[in-house]
Amino acid sequence: MMGWRRSGVGKALALLALAFPLWEWGSCWGLIQGSGELEKSPRSDPGPWEVLHRHRRSWVWNQFFVLEEYTGNEPLYVGKLHSDVDKGDGKVKYVLSGDGATSIFTIDENTGDIHATKRLDREVQAYYTLQAQAVDRLTNLPVEPRSEFVVKVQDINDNEPKFADGPYLAGVPEMSPLGTMVVQVAATDADDPTYGNSARVVYSIIHGQPYFSVEPKTGVIRTALPNMDRETRDQYVLVIQAKDMVGQMGGLSGTTSVTVTLTDVNDNPPRFSHKNYQFTVLESLPTRSLVAKIKAVDADIGSNAEMDYRIMDSDGSGVFNVSTDEDTQDGVITLLKPLDFETKSSFSLRIEATNRNIDTNFLSLGPFSDTTSVKVTVQDVDEPPVFSAPLTKMVVSEDARVGTSIGRVSAHDPDTSSNAIRYSIDRNTDLERFFNIDALSGVISTAKPLDREVNSVHNLTILAIETQDPVQIGKGITLVTVLDINDNAPVFATDYETLLCETTTPGQVIQTVSAVDKDEPPSGHRFYFTLAPSVAGNPNFTLRDNKDNTASVLTKRGGFLRREQPVYLLPVLITDCGSPALSSTSTLPVRVCDCDSDGVALSCGAVAYTATGLSTGALLAILSCIITLLVMVLLIVTMRRRRKQPLILEEERDIRENIVRYDDEGGGEEDTEAFDMVTLRNLNVIRDPNVRRDVTPDTPTFYHYPPASRPSFKTLPDNVVFREFIWERLKDADVDPTAPPYDSLQTYAFEGSGSVAESLSSLESLSTDSDQNYDYLNNWGPRFQKLADLYGNGDGAAVFS
């Protein structure tokens, strides 16, 4: 069996540990992989009476130890392998294989000494699995079984602790109590945690006292001082150290930084920097304009510094308003009502600022509000004149003479200087200059005659201008209403058209008339209707006043005839109730008409001539005949066009890009659109060479034979028949003067003679349908029974021939 030894660091201890178990059983040893047993190998050939026995060791030393990071100049001695088969005569050779063999570990093949040739790092690889074997140097055959052992790299403290997540950022609320947790840091050490204290880390704070502390074992950072104020200092940078070897001398250490930010809490109330503010504004400041801004200072930030402003007291109620500027947290004072220096020259306000979000934990530091006084002084400005009444109403009669005074306007200078004022009319509101105004007194008078019926109300803009400063102009409105007088006579409300039937009887109402008047009397209109004095004794018509501003025209006789007098003119006198009363005469035309039995007028006016005409029924009959003839002509034209319609429509002749399929069967004898039936029925007819051709193409053929001896298509092979058929059609197309001047594709739908049932059509035969016998269709089965019924007898064939 093989044995092994170790030297190097702690050589004596390793040799003592190895020697006892390895040499306890005598001559040699070998490690069996996975069994933990040593197997004996024979020293010499056994005798016939000797039996090999297997001995079990109580334990097996199956790994070496080598110190990492060895920095010596010589290779590091790991251990020794030895077999009791080795007599020292050099016949045994030791071989090492496995993880790191030859590259890291070498073995002396004569002595079995193992050395490490490179510096090992446990953090890169903690152990190596190797296989050792003793072989005969001459035959290279193993003299010992292969044994496996482990070389374990022994750890030293060569790695300092590292903070993988550093540097750290953390936050803690200001004014936090003592011991409030801030953040937990963690350091890792790459050394072996199961061997010694190389990986046991403790934490300490190098920089950051006395504000913060760190727990040595857990790395939890806590506040070390109570009530730290963010407004005093808002950020701290801590340096935390992690040291291995439980912090003992000689241990390695690593550091990281922790930036701790104190977050804000609402622990500061708002405070006005001034207890009194004074502002000056012009009295001409428009409403909704900014008067001033005030600000209460709050040391907090964010939502903790948000505040609301309100006016607690003011000697000008409703004149000002205060609101919060959400961006700057300023108090914005605005004007709600116009200012007037002459009425009130100053205002006093008391304004309060209150935190919007109050933290109940810090109420003892309050109150979280503050007040200030604001005085607003109104500064006088030169204002335009002001009318005593912004709207003045005046009335004038429409018959007022030019120069009549209708009223007076008044304006004054609101300033203390009280400058003189001149008046004028804005002529854009009085383009026709109906009125004038006295520049000094403000008296308005008429400048032209007025007409209420043209313009009943005049809207004038009056200008008041300071004499010392013409830029200062005040404006007022004057409404002048024109009063009505009775200066317009009444007339017919519309142009009446009165129709009178020849069959009208005496006393019949033929028209009802009404009147209008442009005037507007205060008590309303009242019109009176009479016939003009010139026709008071009119024998034809009479007038009846209905006492409701209407009148009715009645006939006094009957028997009116158009041929005698087609139109009557009836003058009507209309009088109003004005003072003085006005009247006018309106003429009512009355036309005599021919009426039907219901009194509906058919024709009116003069009769030019008398003629005998056709009745309505006769006209309708003539019209019906004309329509019938037109319909018949259209039908005839349509039928003729259908008969002359070509097989292929003109718009369908251009088939240069059509796709033509030759693998479908035609539609039978009734299909007259897919191909020319006449051409296919006469395939074997030899065309007359004497027929005139406009163009005679030189068309080749596949079989050259004289026309007289040209065989029938039935005697030629199918492919030849088809080719000949195509060439024939091509010839026709080339010599046809009506053919289009471009290439075209045509469907020939030609059926060969390869069908088992032979062809069903008569295209290849010169005989007619009536000459063929279709009785053989009865033998083709049920699928052709319908054709057999149609063509199987003479009658049926005659019908469909």
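Residues numbered from 1 in each chain as written. Predicted model: local features only at pLDDT ≥ 70, side-chain atom pairs only at ≥ 80, totals over all residues. Heavy atoms only, no water.

The name an unreviewed UniProt entry assigns to the protein is Cadherin domain-containing protein, from the organism Takifugu bimaculatus. As recorded by UniProt, the Function (unreviewed entry) comment attached to the protein reads in full: "Cadherins are calcium-dependent cell adhesion proteins." (UniProt positions renumbered as here; feature names shortened; annotations may be inferred.)

Asker: Explain the overall build of the protein to me, and be specific about the residues and the numbers.
Answerer: Each helix and strand in the protein was counted, giving 6 helices and 41 strands. Per-residue burial for the protein yields a buried fraction of 33% across its 801 residues. Across the protein, the fraction of contacts at a sequence separation of at least 24, relative to all contacts at a separation of at least 6, is 66%. Just so you have it, the protein exposes about 47,600 Å², and 53% of that area is on carbon and sulfur atoms. (Helix = DSSP H or I, 4+ residues; strand = E, 2+ residues; numbered from the N terminus. Buried < 20%, exposed > 50% of the residue type's maximum accessible area, 1.4 Å probe, protein only. Contact = heavy atoms within 4.5 Å. Areas by Shrake-Rupley, 256 points an atom, 1.4 Å probe, with all protein chains shown as cover.)

Asker: Can you tell me about the state of the cysteines, naming the residues and giving the values?
Answerer: Overall, the coordinates contain 2 disulfides when judged by the stated rule. Cys501 shares a disulfide with Cys595; S-S distance 2.0 Å. With the S-S dihedral at roughly -90°, the linkage between Cys501 and Cys595 falls on the left-handed side. Of this pair, Cys501 sits in strand E34 (residues 498-501) while Cys595 sits in strand E40 (residues 583-595); the two residues are 94 residues apart in sequence, bridging distant segments of the chain. Relative accessible area serves as the criterion here: at 13%, Cys595 is assigned to the buried category. A disulfide bridge connects Cys593 with Cys604, and the sulfur atoms are separated by 1.8 Å. (Disulfide = S-S within 2.5 Å.)

Asker: A description of the sheet that holds strand E31 (residues 457-466) should follow, citing residues and the corresponding values.
Answerer: Ordered in space as E25-E32-E31-E28, the 4 strands form an open sheet in which the pairing is mixed. Strands at the two margins of the open sheet, each flanked by one partner only, are strand E25 (391-397) and strand E28 (421-425). Between one strand axis and the next, the sheet turns by 30° as a mean value, whatever way the strands run. As paired elements, E31 and strand E32 (residues 473-483) share 9 bridges and run antiparallel to each other. (Pairing = 2+ DSSP bridges. Axes fitted to C-alpha atoms, helices over the stretch in contact; angles between N-to-C directions.)

Asker: Residues and numbers for the pairing of strand E14 (residues 235-243), please.
Answerer: In this sheet, E14 lies alongside strand E11 (residues 202-207) in antiparallel orientation, the contact comprising 5 bridges. Bridging across to E14, Ile205 finds its partner in Ile240. Sheet analysis places E14 next to strand E15 (residues 253-263), joined by 9 bridges and oriented antiparallel. Note on E15: the bridge partner recorded for Gln235 is Thr261.

Asker: I'd love a proper account of the side chain of Thr504, names of residues and values included.
Answerer: Along the chain, Thr504 turns up in the loop between E34 and strand E35 (509-516). A polar contact is formed between the side chain of Thr504 and the backbone oxygen of Cys501, at a distance of 2.7 Å. When near neighbours in sequence (up to four residues on either side) are disregarded, Thr504 contacts Thr555, Arg557, Gly558 and Gly559. (Polar contact = N/O pair within 3.5 Å; in protein donor to acceptor, adjacent residues only side chain to side chain.)

Asker: Please set out the sheet that holds strand E13 (residues 220-223) residue by residue, giving values where relevant.
Answerer: Spatial ordering of the open sheet is given by E10-E13-E12, a layout of 3 strands whose pairing is antiparallel. What marks the edges here is a single partner per strand, and that holds for strand E10 (181-184) and strand E12 (212-214). Pairwise comparison of adjacent strand axes, ignoring direction, gives a mean angle of 20° for this sheet. Pairing between E10 and E13: 3 bridges, direction antiparallel. In the sheet register, Met181 faces E13, and the bridge partner there is Arg222.

Asker: Talk me through the nonpolar core; I want residue IDs and the actual numbers.
Answerer: Core analysis: the largest hydrophobic core is formed by 23 residues, its most contacted members being Phe529 and Phe541. For this core, the secondary-structure elements that each account for two or more residues are E35, strand E36 (528-531), strand E37 (541-545), strand E38 (550-555), strand E39 (567-575) and E40. With 4 residues, the single largest contributor to this core is E39. The residues contacting Phe529, other than those within four sequence positions of it, are Val513, Ser514, Ala515, Leu543, Asp545, Asn549, Thr550, Ala551, Val572, Leu573 and Ile574. (Core = buried A, V, L, I, M, F, W, Y, C linked by side-chain atoms within 4.5 Å.)

Asker: Go over the environment of Arg563 with me, naming the residues and quoting the values.
Answerer: Locating Arg563 in the fold gives a position in the loop between E38 and E39. Taking relative accessible area as the criterion, Arg563 reaches 70% and is therefore assigned exposed. Counting along the chain gives 29 residues from Arg563 to Val592, while the straight-line C-alpha distance between them is 9.3 Å.

Asker: Requested: an account of unusual backbone geometry, with residues and values cited.
Answerer: Peptide bonds are mostly trans, and most non-glycine residues show a negative phi. Of note, the bond from Gly166 into Pro167 is cis; its omega dihedral lies within 30 degrees of zero at -5°. Gln209 connects to Pro210 through a cis peptide bond whose omega is 5°. The topology assignment puts Pro210 in the loop between E11 and E12. One non-glycine residue with positive phi stands out, namely Asn227, at about 55°. Note that Asn227 resides in the loop between E13 and E14. What makes Asn227 partly exposed here is its relative accessible area of 48%.

Asker: Lay out the pairing of strand E20 (residues 320-324) with the relevant residues and their values.
Answerer: The alternating pattern of E20 places Phe320, Val322 and Thr324 on a buried face and Asn321 and Ser323 on a face that is not buried. Note that E20 and strand E21 (residues 330-335) share 5 bridges and pair antiparallel. Within the sheet, the bridge partner assigned to Phe320 lies in E21 and is Leu335. Adjacent in sequence and paired antiparallel, E20 and E21 are bridged by 5 residues, among which Gln329 carries a positive phi angle near 60°.

Asker: Can you lay out the side chain of Thr223 for me, pointing to particular residues and giving the numbers?
Answerer: For Thr223, the location among the structural elements is in strand E13. Engagement of the side chain of Thr223 in a polar contact is seen with the backbone oxygen of Pro177, the distance being 3.0 Å. When neighbours within four sequence positions are excluded, Thr223 is seen to be in contact with Val172, Pro177, Leu178, Gly179, Thr180, Val182, Tyr211, Phe212 and Met228.

Asker: Outline the packing of aromatic side chains, listing residues and values.
Answerer: A full pass over the atoms with the stated rule returns 14 aromatic pairs. A ring pair is formed by Phe272 and Tyr309, whose centres lie 6.3 Å apart and whose planes are at 55°; its orientation type is tilted. Of the two residues, Phe272 is situated in strand E16 (residues 271-272) and Tyr309 in strand E19 (residues 307-314); the sequence distance between them amounts to 37 residues. Taken individually, Phe272 and Tyr309 each receive the classification buried, so the pair is uniform in this respect. Ring plane angle 90° and centroid distance 5.3 Å describe the contact between Phe492 and Tyr496, whose orientation is recorded as edge-to-face. (Phe/Tyr/Trp six-rings, centres within 6.5 Å; stacked < 30°, edge-to-face > 60°.)

Asker: I'd like a description of the pattern of salt bridges, backed by residues and values.
Answerer: For side chains of opposite charge, pairing can occur when their charged atoms come near one another. Evaluation of the coordinates by the stated rule reveals 18 salt bridges. Between Arg452 and Glu520 there is a salt bridge whose closest N-O contact spans 3.8 Å. Taken as a pair, Arg452 in the loop between strand E30 (443-446) and E31 and Glu520 in the loop between E35 and E36 lie far apart in primary sequence, 68 residues in all. By relative accessible area, which is 10% here, Arg452 ends up buried. Each of Glu306, Asp308, Glu326 and Arg356 takes part in salt bridges that share partners, so that together they form one network. (Salt bridge = Lys/Arg side-chain N within 4 Å of Asp/Glu carboxyl O.)

Asker: If you had to explain the environment of Leu777 to someone new, which residues and values would you point to?
Answerer: Mapping Leu777 onto the fold places it in the loop between helix H4 (718-735) and helix H5 (785-791). As for Leu777 and Leu790, which are separated by 13 residues in sequence, their C-alpha atoms are 10.0 Å apart.

Asker: Describe a nonpolar patch on the surface, listing the residues and the values that go with them.
Answerer: Together, Leu623, Ile627, Val631 and Leu635 make up a nonpolar patch on the protein surface, roughly 370 Å² of accessible area in all. Note on placement: Leu623 falls in helix H2 (residues 616-643). Residue Leu623 is classed as partly exposed on the basis of its relative accessible area of 48%. (Patch = residues over 30% accessible without salt bridge, like charges linked within 9 Å, V, L, I, M, F, W, Y side chains within 5 Å.)

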